[in-house]
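# An overview of the molecular structure
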Amino acid sequence: MGGAKTYDIDTLLDEVITLPSLPDSVHRINELIEDPDCQLGDIAHVISGDPAIAIKTLRLVNSAYYGLGQEVATVEHAVVLLGVKVIKNLATTATVFEAMKGSATQFLQHSIATGVAMKSFVDHGPLKGMLGSGDEAFIFGLLHDIGKVILQEYLPDAYREVAGYVRDNKVAWHVAEQHLIGVDHASLGARLAAKWKLSKPLIHAIAGHHNFQAADEDCRKIAAALAIADLLASKTGLPSYEDPVFNLSPECWERSGLRGDDLVRAVGGFFDDFGTVNELMVLAH
Amino acid sequence: MVGEVAYTDGHRGNIVLVGPRSNPKGAALLIPGGNAGKPATKLFPDGIDLLGPELTVELLCMQERAFGACGLPKPLELD
């Protein structure tokens, strides 16, 4: 144990890891959304031009998760029905599902469950009004551990050591990563989100989901809530890909605003939506 | 289901889960020496402050797993 080389994040990204790119189609969608002259048909055209994203987008639109109550057969219809912001979230979700499709089932299930918890915190809890919508919040949970996928892909031997270190020392996963690799999945995931030009709150929430103080002041509430969504998903009894160790500080709970009756209501909303986890698992594969 | 916990007021006690979260009497806190030295019982909605947030999440998840219908895996002891 302990023979692995440690890195700072810039060296790791220079010498070992090439962060995956967001597909051109999603970049193009994001550009079009910012363009005041953009037509809905232009966005539909870009999505339709990427079959993997188009198929996943349509399957998501027709899922119980979105609950539209009507069959949507074409991307054009989906764009008109849902509007550009929802379509942007859908296309990002579809892209992440595509990137994660080779991941372990338990990892994907935990990420989706954390996303459903974040959606509930927006729909029923103190994040209401802070994020645009529940489906935007879902992406926060879906992506929170994406750095683990990258570390595991590029440093498989070191990652096996991380798993052993966590098991033997009963420490949190990110602590073992910092000890053995020098970089944790939270900071790496934030770099990926930045490369993908995702929103500032999302980048900072990923960076701060194990230490909300790693996020900028205006993003700390969301980062703290993401830490709690992560905890909630780990308490569901779903098979775990790791032994979760949480040491959420009183400041983290305080900052999230998830206390007392608000917490009970938000957790209840998560249970009410939990059925969508299995459906989204099928869509993700 | 019964589990021993530490309350935020420093007492130790037991939580009893007997029904789903839709039932206000589905979970109760037993507090030894909670009422002028005598054991007391509080229903979960009245005892949230005694649990603290992490224990609240734990209790709600265990209650949902044991008695809920949302599809969470049943606790091993109920399998």
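Please refer to the structure placed before this passage.
Below is a summary of the structure that appears in this document. (Residues numbered from 1 in each chain as written. Chains lettered and ligands numbered in written order. Predicted model: local features only at pLDDT ≥ 70, side-chain atom pairs only at ≥ 80, totals over all residues. Heavy atoms only, no water.)

## Section: unusual backbone geometry
All names here are of chain A. Here is the rule we go by: Each helix is a run of DSSP H or I of at least 4 residues and each strand a run of E of at least 2, with the numbering of both proceeding from the N terminus. Three exposure classes are used, based on accessible area relative to the maximum for each residue type with a 1.4 Å probe and protein chains only: buried under 20%, partly exposed in between, and exposed over 50%.
The backbone of Lys 170 sits at a positive phi, close to 50°, despite the residue not being glycine. With respect to the helices and strands, the residue Lys 170 is situated in the loop between helix H10 (156-169) and helix H11 (173-180). A positive phi angle, near 55°, is found at Lys 197, a position not held by glycine. Here Lys 197 shows up in the loop between helix H12 (185-195) and helix H13 (200-207). The exposure class assigned to Lys 197 is exposed, which follows from its relative accessible area of 66%.

## Some details on the pattern of salt bridges
One side chain can pair with another of opposite charge once the charged atoms of both are near each other. Residue and element names in this part refer to chain A. Keep this limit in mind: Salt bridges are defined as contacts in which a side-chain nitrogen from Lys or Arg sits within 4 Å of a carboxyl oxygen from Asp or Glu.
Throughout the structure, instances matching the rule amount to 17 salt bridges over all chains. Notably, a salt bridge pairs Glu 15 with Lys 5, separated by 3.5 Å at the nearest N-O pair. Note that Glu 15 is positioned in helix H1 (residues 9-15) and Lys 5 in the segment before H1, a separation of 10 residues in sequence. Assigned by exposure class, Glu 15 and Lys 5 land together as exposed.

## Section: the interface of chain B and chain A
Counted only if it meets this: In what follows, a contact means two residues having at least one pair of non-hydrogen atoms within 4.5 Å. Accessible-area loss on putting two parts together, using a 1.4 Å probe and summing over both, is the definition of buried area adopted here. Nitrogen and oxygen atoms within 3.5 Å of one another constitute a polar contact, given that in protein one can donate a hydrogen and the other can accept it, and given that sequence-neighbouring residues count only through two side-chain atoms. Ten residues, namely Ala, Val, Leu, Ile, Met, Phe, Trp, Tyr, Cys and Pro, are considered nonpolar, four, namely Asp, Glu, Lys and Arg, are considered charged, and the remaining ones, Gly among them, are considered polar.
With 16 residues of chain B at the contact, the number on the chain A side is 21 residues. When chain B packs against chain A, the two sides together hide about 1,600 Å² of surface, and 72% of this comes from carbon and sulfur. The tally of links between chain B and chain A comes to two salt bridges. Residues Glu 58 of chain B and Lys 235 of chain A are paired through a salt bridge, measuring 3.2 Å at the closest nitrogen-oxygen approach. At the boundary of chain B with chain A, the tally comes to two residue pairs in polar contact (both at pLDDT 80 or more). No other element matches the nine residues that helix H2 (residues 53-67) of chain B contributes to the side of chain B that touches chain A. Here the residues of the side of chain B that touches chain A are counted per class, giving nine nonpolar, two polar and five charged.

## Some remarks on H10 of chain A
All names here are of chain A. Note the following rule: Multiply 1.5 Å by the residue count of a helix minus one, and that product is the helix's expected span.
Here H10 spans 20 Å end to end across 14 residues, near enough to the 20 Å set by a 1.5 Å rise per residue. Buried within H10 we find Ala 158, Tyr 159, Val 162, Gly 164, Tyr 165 and Val 166. The inward-facing, buried residues of H10 abut helix H9 (146-154), H11 and H12.

## Some thoughts on the pairing of strand S2 (residues 12-17) of chain B
Residue and element names in this part refer to chain B. Selection rule: DSSP calls a pair of strands paired once it identifies at least 2 bridges connecting them.
Every second residue of S2 is oriented toward a common face, the buried set being Gly 13, Ile 15 and Leu 17 and the non-buried set Arg 12, Asn 14 and Val 16. With five bridges joining them, strand S1 (residues 2-6) and S2 adopt antiparallel strand pairing. Of the residues in S2, the one forming a bridge with Ala 6 is Arg 12. The loop that links S1 with its antiparallel partner S2 comprises five residues; one of these, Gly 10, has a positive phi angle of about 95°.

## Re the state of the cysteines
Residues and elements named next belong to chain A. In plain terms, the rule: Cysteine sulfur pairs qualify as disulfides if the two atoms are within 2.5 Å.
For the structure on display, the rule yields zero disulfides over all chains. Considering cysteine sulfurs only, Cys 252 is the nearest to Cys 219, which forms no disulfide, with 15 Å between them. Since its relative accessible area comes to 2%, Cys 219 is described here as buried.

## Thoughts on the environment of Val 175 of chain A
Residue and element names in this part refer to chain A. With respect to the secondary-structure elements, Val 175 resides in helix H11. On the basis of relative accessible area, Val 175 is assigned to the partly exposed category, the value being 34%. Along the backbone, Val 175 and Val 79 are 96 residues apart, and their C-alpha atoms lie at a distance of 43 Å.

## Digging into the packing of helix H4 (residues 51-61) of chain A against helix H17 (residues 275-284) of chain A
Between two packed helices, both the angle of their axes relative to each other and the distance between the axes serve to describe the pair. Residues and elements named next belong to chain A. Quick note on the threshold: Whenever a helix is involved, its axis is fitted only over the stretch in contact; in every case the axis is a line through C-alpha atoms, and angles between N-to-C directions fall within 0 to 180 degrees. For this classification, under 35 degrees means roughly parallel, over 145 means roughly antiparallel, 65 to 115 means roughly perpendicular, and everything else is oblique. By convention the crossing between two helices is left-handed if the near helix lies anticlockwise of the far one by an angle smaller than a right angle, and right-handed if it lies clockwise.
Remark: H4 packs on H17, axes separated minimally by 10 Å, with the N-to-C direction vectors making an angle of 160°. The angle between H4 and H17 falls in the class roughly antiparallel. Viewed along their axes, H4 and H17 form a crossing whose handedness is right-handed. From H4, Lys 56, Arg 59 and Leu 60 reach across to H17, where they touch Leu 280, Val 282, Leu 283 and Ala 284. Residues belonging to the contact of H4 with H17 are distributed by class as follows: five nonpolar, no polar and two charged.

## Here we look at the nonpolar core
How we decide: Definition used in this section: a nonpolar core is a set of buried Ala, Val, Leu, Ile, Met, Phe, Trp, Tyr and Cys residues joined via side-chain atoms within 4.5 Å.
With 124 residues, the main nonpolar core has Ile 112, Met 118, Phe 121, Leu 143, Leu 188 and Leu 280 of chain A as its most contacted residues. Apart from the residues within four sequence positions on either side, Leu 143 of chain A is in contact with Val 96, Trp 196, Leu 198, Leu 202 and Ile 206 of chain A.

## Points about the packing of aromatic side chains
Residues and elements named next belong to chain A. The following threshold applies: For this analysis, a ring pair means two rings from Phe, Tyr or Trp (six-membered ring only for Trp) whose centres lie within 6.5 Å, classed as stacked if their planes differ by under 30 degrees, edge-to-face if by over 60, and tilted for the remaining angles.
By the definition in use, this model includes three aromatic pairs over all chains. Consider the rings of Tyr 159 and Trp 173, whose centres lie 5.7 Å apart with planes at 70°: the pair is edge-to-face. Placement of Tyr 159 in helix H10 and of Trp 173 in helix H11 is noted, with a sequence separation of 14 residues between them. Ring plane angle 50° and centroid distance 5.8 Å describe the contact between Phe 270 and Phe 271, whose orientation is recorded as tilted. Taking relative accessible area as the criterion, Phe 271 reaches 1% and is therefore assigned buried. Counting every residue linked through ring pairs, the aromatic cluster contains Phe 270, Phe 271 and Phe 274.

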